[in-house]
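# Overview (structure and organization)
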Amino acid sequence: MLMKIFLTLVLSVLVLSCGATVAVDYDDSTDFNQYKTYNFYPDIESGLNELDDKRIIKITDSLLQQRGFVRSESPQFYINFFASEFLSNSRNTIGIGVGGGGGNVGVGVSGGIPIGGRVVNQRLTMDFVDATADDLIWQAVADGELKEKASPAKKEAHYVSVISKILKKYPPKKK
């Protein structure tokens, strides 16, 4: 029984630790309740390919509209996004070890073999800019990773997860 509880706890920590992490910054003198309409900058240079740009715009549109925001040609705020990426080997490994001992002395050798291929580490930054004053009012930075050769469906799922976490923090809660 104790082992089941321990395994459940370990698995919960692993699941919760996966995925994107999001940090937010904002102008604390801004009344975010005044913003109801938005649009995207027409000349976004995200650093991503056009397909990923379209995915991010479509997902952001959908999530904001579900929350009552309206996309408008004369918006109260503009959305800009950009990303930086780098490749790394997967952190998943299989451990192999050899050891032996006797007489209160032990010796062991171990190593890890990477599995799972390479991953793209991506930092996605999303800016909300007041359309009238042209001032940055809110910014979110999300760090996440996806497989280097992810399918379009996996990329879509990745961006849904990341953008959902980003927009969960908008508008900011005043303390």
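Reading the values: rules and limits
- For every chain, the first residue of the written sequence is number 1, and numbering continues from 1 along that sequence.
- Since the coordinates come from a predicted model, pLDDT governs what is reported: local features require at least 70, and pairs of side-chain atoms require 80 or more to be given and counted, while whole-chain, interface and lining totals use all residues.
- To get the side-chain values, take all heavy atoms of the structure and skip hydrogens and water.
- The quantity known as pLDDT measures the predictor's confidence residue by residue, on a range of 0 to 100.
- Here, two residues are considered to be in contact whenever any of their heavy atoms come within 4.5 Å of each other.
- In summary, the pairing rule links any two rings of Phe, Tyr or Trp, Trp by its six-membered ring, whose centres are within 6.5 Å, and it sorts them by plane angle into stacked for under 30 degrees, edge-to-face for over 60 and tilted for everything else.
- Put simply, DSSP marks the helices as runs of H or I at least four residues long and the strands as runs of E at least two long, and each gets a number from the N terminus on.
- Only residues whose relative accessible area exceeds 30% and that form no salt bridge are eligible for patches; like-charged ones are grouped when within 9 Å, while nonpolar side chains (Val, Leu, Ile, Met, Phe, Trp, Tyr) are grouped when within 5 Å.
- Per-residue accessibility takes into account occlusion by the displayed protein chains alone, with areas from the Shrake-Rupley method and a 1.4 Å probe.
- The term salt bridge refers to a side-chain nitrogen of Lys or Arg lying within 4 Å of a carboxyl oxygen of Asp or Glu.
- Residues counted as positive are Lys and Arg, residues counted as negative are Asp and Glu, and His and the chain ends are not counted.
- Each charge is placed at NZ for Lys, CZ for Arg, CG for Asp and CD for Glu.
- The span you would expect from a helix comes to 1.5 Å times its residue count less one.
- Relative accessible area decides the class of each residue, using a 1.4 Å probe on protein chains only: under 20% of the type maximum gives buried, over 50% gives exposed, and in between gives partly exposed.
- Polar contact criterion, stated in full: a pair of N or O atoms within 3.5 Å, where within protein one must be able to donate a hydrogen and the other to accept it, and residues adjacent in sequence count only if both atoms are side-chain atoms.
- Two strands pair if DSSP finds at least two bridges between them.

Turning our eyes to something else, we now look at the confidence of the model for the protein chain. Mean pLDDT over the protein chain works out to 83, with 76% of the residues at or above the 70 mark. Low pLDDT, under 50, characterises residues 6–17; the predicted model gives this stretch zero contacts beyond four residues in sequence or across chains.

The relative placement of two aromatic rings is captured by the distance of their centres and the angle of their planes. Throughout the structure, instances matching the rule amount to 14 aromatic pairs. Connected via pairs of aromatic rings, a cluster forms that spans Tyr 26, Phe 32, Tyr 35, Tyr 38, Phe 40, Phe 69, Phe 77, Phe 128, Trp 138 and Tyr 170.

Let us look at unusual backbone geometry. Cis geometry marks the peptide bond from Tyr 170 to Pro 171; its omega dihedral reads -10°. Note that Pro 171 resides in the segment after helix 3 (152–167).

Here we take up a negative patch on the surface. A cluster of acidic side chains, namely Asp 27, Asp 28, Asp 134 and Asp 135, defines a negative patch on the protein surface. Examined against the element boundaries, Asp 27 turns out to sit in the loop between strand 1 (21–26) and strand 2 (37–40).

What follows concerns helix 2 (residues 50–66). With 17 residues, helix 2 ought to run about 24 Å at 1.5 Å a step, and its terminal C-alpha atoms sit 24 Å apart, in line with that. Residues Asp 52, Asp 53, Arg 55, Ile 56, Ile 59, Thr 60, Asp 61, Leu 63 and Leu 64 constitute the buried set of helix 2. Its side-chain oxygen at 3.0 Å from the backbone nitrogen of Leu 51, Asn 49 defines the N-terminal cap of helix 2. Among the residues trailing helix 2, Gly 68 stands out with phi positive, at a value near 95°.

The subject of this paragraph is the environment of Lys 169. Here Lys 169 lies in the segment after helix 3. Judged by its relative accessible area of 39%, Lys 169 is partly exposed. Sequence spacing of Lys 169 and Gln 139 is 30 residues, and the spatial spacing of their C-alpha atoms is 10.0 Å. Every residue in contact with Lys 169, bar those within four places of it in the chain, is listed here: Val 22, Val 24 and Trp 138.

Here we take up the side chain of Ser 46. Residue position: Ser 46 is located in the loop between strand 2 and helix 2. Within the local environment of Ser 46, its side chain forms a polar contact with the side chain of Asp 53, the two groups lying 2.4 Å apart. If we skip the residues at most four places from it in the chain, Ser 46 touches Asp 53, Phe 81, Phe 82 and Ala 83.

With 16 residues, helix 3 extends 22 Å from end C-alpha to end C-alpha; this agrees with the ideal 22 Å at 1.5 Å per step. If you follow the buried residues of helix 3, they end up packed against strand 1, helix 2, strand 7 (118–130) and strand 8 (136–147).

So, about the pairing of strand 2. The alternating pattern of strand 2 places Thr 37 and Asn 39 on one face and Tyr 38 and Phe 40 on the opposite face, and all of these are buried. Sheet topology note: the strand 2/strand 3 (residues 70–71) ladder contains two bridges and is parallel. The residue of strand 3 that forms the bridge with Tyr 38 is Arg 71.

In total, this model carries six salt bridges according to the counting rule given. For Lys 54, the salt bridge identified is with Glu 50, shortest N-O distance 3.6 Å. Here Lys 54 pairs with Glu 50, and both are found in helix 2, just four residues apart, close to one helical turn. Comparing Lys 54 with Glu 50, the two get one shared label, exposed. We note a salt bridge from Glu 156 to Lys 58, for which the minimum N-O separation is 3.0 Å. Here Glu 156 is found in helix 3, whereas its partner Lys 58 is found in helix 2, with 98 residues between them in sequence. Accessibility expressed as a relative area gives 23% for Glu 156, which makes it partly exposed. According to the relative accessible area criterion, Lys 58 is partly exposed, its value standing at 48%. What emerges from the salt-bridge pattern is a single network uniting Asp 52, Arg 55 and Lys 155.

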